[in-house]
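So you can see what is in the structure, the chains are spelled out below.
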Amino acid sequence: MRCRGPDIADDELVAQGTSEMNILYCFFEYLGTEFWEMVAEQSNIYSAQKRDLKSLKTNSIEIIHFAGMQLLMGTLKYPQGKLYWTRDLCVPIIRDTMPRDRFFELRNYLHFVDLNCPDTNDKLWKIRPIINPILKKCHSLPRTKHMSIDEQMIPFAGRCEYRQYVPSKPNPLGLKNFVLAARDGIVLDFEIYVGKDTISPEIMKNLGLGGGIVQTLCRTIESSCVLYTDRFFTSLKLAEHLIANNNQIFLTGTVMTNRIGPVSTKLKPDKELQRGAWDEKVRNDDNICIVKWKDTKAVTLLSTCTGGEPATTCQRWCKVRKEKIDVTQPAVVKTYNTCMGGIDLCDRLIAYYRSSMRTKKWTVRTFCHFLDLVVVNCWLMYMRCCKVENVESKHKLGLLQYRLNLAKALMKYDGGRVDPNFMRPGSRSQSSPGPSAISNSKITDVGCDEPPAKKNRAVVPHPLPETRLDNVGHLPRFIDSKNASKCRHPTCSSKCRTMCVKCHVFLCILKNNCFESYHSNKNFGPH
């Protein structure tokens, strides 16, 4: 059976989208300003309920700053959240954006719905306001001809009714999320597993859980597309269902032998197959093909569009000859290996810089996961547009730089209008919004009109004794500042304008000679 579905090269042509990609604009297409206003409102309500009507008094701008800090923290990965505000290891942009106690207060009272108005018909009602806008944007993304469906884990080890354990995953404990993705890793649709109510009992009876999930995720797929699935989803019933009822959606995937019916007994046993050999069975109507291929072990694949021909070769390691050799490979195996890894690629990109701060609330962990998913989706669309416009590699932003730019843009966001023509692919810098954009800003919530608090000057920590007493490079420097600074000698309360160039602390020279005493006295410790 030869290939009769769309060619793999067709995916290269599907790179729709605006050529003028703005980092912040793309992010707000997933989670718009209405979402952040809703989060601020619900967080204020929840805090008032828990603290005897004492509201959190936050607003959408502050919640957006909080999200940007989460992204930056996931990139830097300090072992503890409070370290971002310590004197020795602080990150200035985080420290200047929000005080430490305020950040943890926002995280403790972060909520998305009113707990007094539960939706008993929806098991995910606590995070439904997060899921809906992201799903809406994912459904509007351009579909490629080759897509894959697989499981994705949302890591969480706390208490949750829907928590699952999948030992084969890098993060085996957490919420299970079924994802439809393109070959390049862009998430196009998803469905979180919540037990037996994930799909209807009728679909469950006809197709099982795996087949029911595939049918659910096919809701936005057009005809003449190819789906790639693993053995958890693939079955003979599902293949027949997609051909008959879903406008010729083709299926290719690994399959368990107990799901292909009597044909499993007609395939050659593993012992009769040498490495690189395969056995192929095609149904009389030429609609379904079963291929059993022997590599290190035997693997069985089912396809409604691709068979064993034309065969190719692949490189495999030979233990006997101690070198790589050419092994014959059926066409269906090569196609499957080429198109199946979209979800794994997305998981890998998320895992690079995951926003994983310890929390006991599964809703907060889910919010952080989808925040990372949105960033990865935006970056992959940015790379797709760069490819269409033939942007040179040296002008493209990598995922790390893209995420850092987005985090900084969110932390500096002031409510101004975001222009979609703000940044083009290949530009490595972003300018600030103009005065007209800032004048049109909207700040709606409690506490927004309060004047900004005066920021205190950062306190420079004392150097370690090993540095203070090493008698190397300690030279005074006069600082021409408007106001004098307090001398950092423990026994002095005078003010001066002389700083040690190595220790970066102000010390008196003429009056009390604190400079010499500070760098020679071992009896006192800096405090």
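Only a predicted model underlies this, so the values are computations on that prediction, with no experimental measurement involved. Starting afresh in each chain, residues are numbered from 1 along the sequence in its written order. Only residues with pLDDT of at least 70 get local features here, since the model is predicted, and only at 80 or more are side-chain atom pairs given and counted; chain-wide, interface and lining totals rely on the full set of residues. The side-chain figures draw on all heavy atoms in the structure; neither hydrogens nor water molecules are used.

S.K.: Sorry, what's going on with the overall build of the protein here?
M.R.: By definition, any uninterrupted DSSP run of H or I lasting at least four residues is a helix, any uninterrupted run of E lasting at least two residues is a strand, and each is numbered from the N terminus. The helix and strand inventory of the protein stands at 15 helices and 15 strands. Scored against the burial criterion, the 527 residues of the protein give a buried share of 49%. Here, two residues are considered to be in contact whenever any of their heavy atoms come within 4.5 Å of each other. Put simply, of all contacts in the protein between residues at least 6 apart along the chain, 64% involve residues at least 24 apart. Entry remark: accessible area of the protein is about 27,100 Å², with carbon and sulfur atoms responsible for 50%. The buried label goes to any residue with under 20% of its type's maximum accessible area, the exposed label to any with over 50%, and the partly exposed label to all in between, with areas taken from a 1.4 Å probe on protein chains only. Accessible surface area values rest on a Shrake-Rupley calculation with a 1.4 Å probe, where residue burial reflects the displayed protein chains alone.

S.K.: Is there a simple way to explain helix α2 (residues 33-50) in this structure?
M.R.: An α-helix turns once every 3.6 residues. As a result, residues three or four positions apart point the same way. By definition here, a helix of n residues has an expected span of 1.5 Å times n minus one. Helix length check: α2, at 18 residues, gives a terminal C-alpha distance of 26 Å against a target of 26 Å (1.5 Å per residue), a fit within 8%. Phe-35, Trp-36, Met-38, Val-39, Ala-40, Gln-42, Ser-43, Asn-44, Tyr-46, Ser-47 and Ala-48 are the residues of α2 that are buried. Of the surrounding secondary structure, the elements contacted by the buried residues of α2 are α1 (23-30), α3 (60-76), α5 (100-108), α6 (128-140) and α11 (362-388). In the segment just after α2, Asp-52 is the residue with positive phi, at about 55 degrees.

S.K.: Explain empty space enclosed by the protein to me, please; I cannot follow it from the model alone.
M.R.: One water molecule sets the probe size; rolling that probe over the atoms shows where empty space is left. For cavity detection a 1 Å grid was placed over the protein atoms alone, and a set of points counts as a cavity when a 1.4 Å probe fits there but cannot get out; an open set counts as a pocket when protein lies on both sides within 12 Å along at least five of seven lines, with lining residues being those that have an atom within 4 Å of a point. Grid points are joined across faces, edges and corners, and a volume is the space filled by probe spheres set on the points. Under the defined criterion, the tally for this structure stands at 1 cavity of 30 Å³ or more. In this structure, the largest cavity occupies an estimated 30 Å³ of space. Among the elements that line the lining of the largest cavity, the one with the most residues is α11, at 3 residues. In terms of residue class, the lining of the largest cavity is built from 3 nonpolar, 2 polar and 2 charged. Classification used: nonpolar for Ala, Val, Leu, Ile, Met, Phe, Trp, Tyr, Cys and Pro, charged for Asp, Glu, Lys and Arg, polar for all others including Gly.

S.K.: For this particular structure, what's the right way to read the side chain of His-111?
M.R.: Here His-111 is to be found in the loop between α5 and α6. Not counting the four nearest positions on each side in its chain, His-111 is found in contact with Val-39, Gln-42, Ser-43, Tyr-46 and Lys-361.

S.K.: How do you make sense of the pattern of salt bridges when you look at a structure like this?
M.R.: When the charged atoms of two side chains with opposite charge come close together, those side chains can pair. What counts as a salt bridge is simple: a side-chain nitrogen of Lys or Arg found within 4 Å of a carboxyl oxygen of Asp or Glu. Counting across every chain of the model gives 21 salt bridges. As a salt-bridge pair, Lys-176 and Glu-151 come within 3.8 Å of each other at their nearest N and O atoms. Placement of Lys-176 in strand β3 (residues 173-182) and of Glu-151 in strand β1 (residues 146-155) is noted, with a sequence separation of 25 residues between them. What makes Lys-176 buried here is its relative accessible area of 10%. Residue Glu-151 is classed as buried on the basis of its relative accessible area, which comes to 10%. In this structure, the salt-bridge partner of Arg-403 is Asp-372, at a minimum N-O distance of 3.0 Å. Here Asp-372 lies in helix α11 and Arg-403 lies in helix α12 (residues 399-411), a separation of 31 residues in the sequence. The same class applies to Arg-403 and to Asp-372, which are both buried. Salt bridges sharing partners connect three or more residues here, namely Arg-51, Glu-62, Arg-102 and Glu-105.

S.K.: Looking at this model, I keep getting lost on the confidence of the model for the protein. Mind explaining?
M.R.: Low pLDDT marks stretches whose predicted atomic positions should not be read closely. The predictor reports its confidence for every residue as pLDDT, a score running from 0 up to 100. Summarising the model, the protein shows a mean pLDDT of 85, and 87% of its residues fall at 70 or more. The low-confidence segment residues 12-21 (pLDDT under 50) makes 28 contacts with residues lying over four places distant or belonging to another chain. Here residues 422-451 is modelled with pLDDT under 50, and outside its nearest four sequence neighbours on either side it reaches 60 contacts, counting other chains as well.

S.K.: Help me understand the packing of α3 against α12 in this model?
M.R.: Here, axes are lines fitted to C-alpha atoms. For helices the fit covers the stretch in contact, and angles between N-to-C directions go from 0 to 180 degrees. Axis separation between α3 and α12 bottoms out at 7 Å; the angle between their running directions is 150 degrees. In terms of axis orientation, α3 runs roughly antiparallel to α12. As α3 runs across α12, the sense of the crossing is left-handed. Residue-level contacts link Ile-64, His-65, Gly-68, Met-69, Gln-70, Leu-71, Leu-72, Gly-74 and Thr-75 of α3 to Leu-400, Arg-403, Leu-404, Leu-406, Ala-407, Leu-410 and Met-411 of α12. Each angle is binned into one of four classes, with values under 35 degrees roughly parallel, values over 145 roughly antiparallel, values of 65 to 115 roughly perpendicular, and all other values oblique. Helix crossings are classified by the rotation of the near helix relative to the far one: an anticlockwise turn of less than a right angle makes the crossing left-handed, while a clockwise turn makes it right-handed.

S.K.: Looking at this model, I keep getting lost on the environment of Gly-473. Mind explaining?
M.R.: Topologically, Gly-473 is positioned in the loop between α14 (465-468) and β12 (476-478). For Gly-473, a relative accessible area of 43% gives the class partly exposed. In this structure, the C-alpha to C-alpha distance between Gly-473 and Cys-503, residues 30 residues apart in sequence, is 9.4 Å. When neighbours within four sequence positions are excluded, Gly-473 is seen to be in contact with Val-501 and Lys-502.

S.K.: Where do I start with the nonpolar core in this structure?
M.R.: For soluble globular proteins, the rule of thumb is that nonpolar side chains tend to be buried together. The term nonpolar core refers to a set of buried residues drawn from Ala, Val, Leu, Ile, Met, Phe, Trp, Tyr and Cys, joined through side-chain atoms within 4.5 Å. Ranked by internal contacts, the top residues of the largest apolar core, which has 115 residues, are Phe-27, Phe-35, Trp-36, Ile-94, Ile-134, Leu-227 and Phe-367. With 16 residues, α11 is the single largest residue contributor to this core. For Phe-367, the contacting residues outside a window of four places in its chain are Phe-35, Trp-36, Phe-66, Leu-110, Phe-112 and Ile-130.

S.K.: What's the story with the pairing of strand β7 (residues 278-282) in this structure? I'm lost.
M.R.: At least two DSSP bridges between two strands are needed for those strands to be called paired. In this sheet, strand β8 (residues 289-294) lies alongside β7 in antiparallel orientation, the contact comprising 5 bridges. Residue pairing for β8: Glu-280 is matched across the bridge by Val-291. In this structure, the hairpin formed by β7 and β8 is closed by a connection of 6 residues, where Asp-286 is found at a positive phi of approximately 60 degrees.

S.K.: So what exactly am I meant to see when it comes to the environment of Arg-477 here?
M.R.: Mapped onto the elements of the fold, Arg-477 is located in strand β12. For the pair Arg-477 and Phe-506, spaced 29 residues apart in the sequence, the C-alpha separation amounts to 9.3 Å. In this view, Arg-477 contacts Arg-497, Thr-498, Met-499 and Val-501; residues no more than four positions away in its chain are not counted.

S.K.: Sorry, what's going on with the environment of Lys-57 here?
M.R.: Mapping Lys-57 onto the fold places it in the loop between α2 and α3. Among the residues examined, Lys-57 registers a relative accessible area of 48% and is labelled partly exposed. Each C-alpha atom, one on Lys-57 and one on Ala-40, is 8.4 Å from the other, the two residues being 17 residues apart in sequence.

S.K.: Hey, could you run me through the packing of aromatic side chains in this one?
M.R.: For any pair of aromatic rings, geometry is given as the distance between the ring centres together with the angle between the planes. Two rings from Phe, Tyr or Trp (for Trp, the six-membered ring) form a pair when their centres sit within 6.5 Å of each other. Planes less than 30 degrees apart are called stacked, planes more than 60 degrees apart edge-to-face, and all others tilted. Enumeration over the complete set of coordinates arrives at 20 aromatic pairs. Where Tyr-78 meets Tyr-84, the ring centres are 4.3 Å apart and the plane angle is 10 degrees; that geometry is what we call stacked. Tyr-78 sits in the partly exposed class, given a relative accessible area of 29%. Tyr-84 gets classed as buried once you look at its relative accessible area, which sits at 2%. A network of ring pairs unites the aromatic residues Phe-27, Phe-28, Phe-35, Trp-36, Phe-112, Phe-367 and Tyr-413 as a single cluster.

S.K.: When you look at the pairing of strand β10 (residues 312-318) in this model, what are you seeing that I'm missing?
M.R.: Consecutive residues of a regular strand have side chains that alternate between opposite faces of the sheet. Two elements, β10 and strand β11 (residues 323-329), share 7 bridges in a ladder whose sense is antiparallel. Note on β11: the bridge partner recorded for Thr-312 is Gln-329. Connecting β10 to the next strand, β11, in antiparallel fashion are 4 residues, including Lys-322 with a positive phi near 60 degrees.

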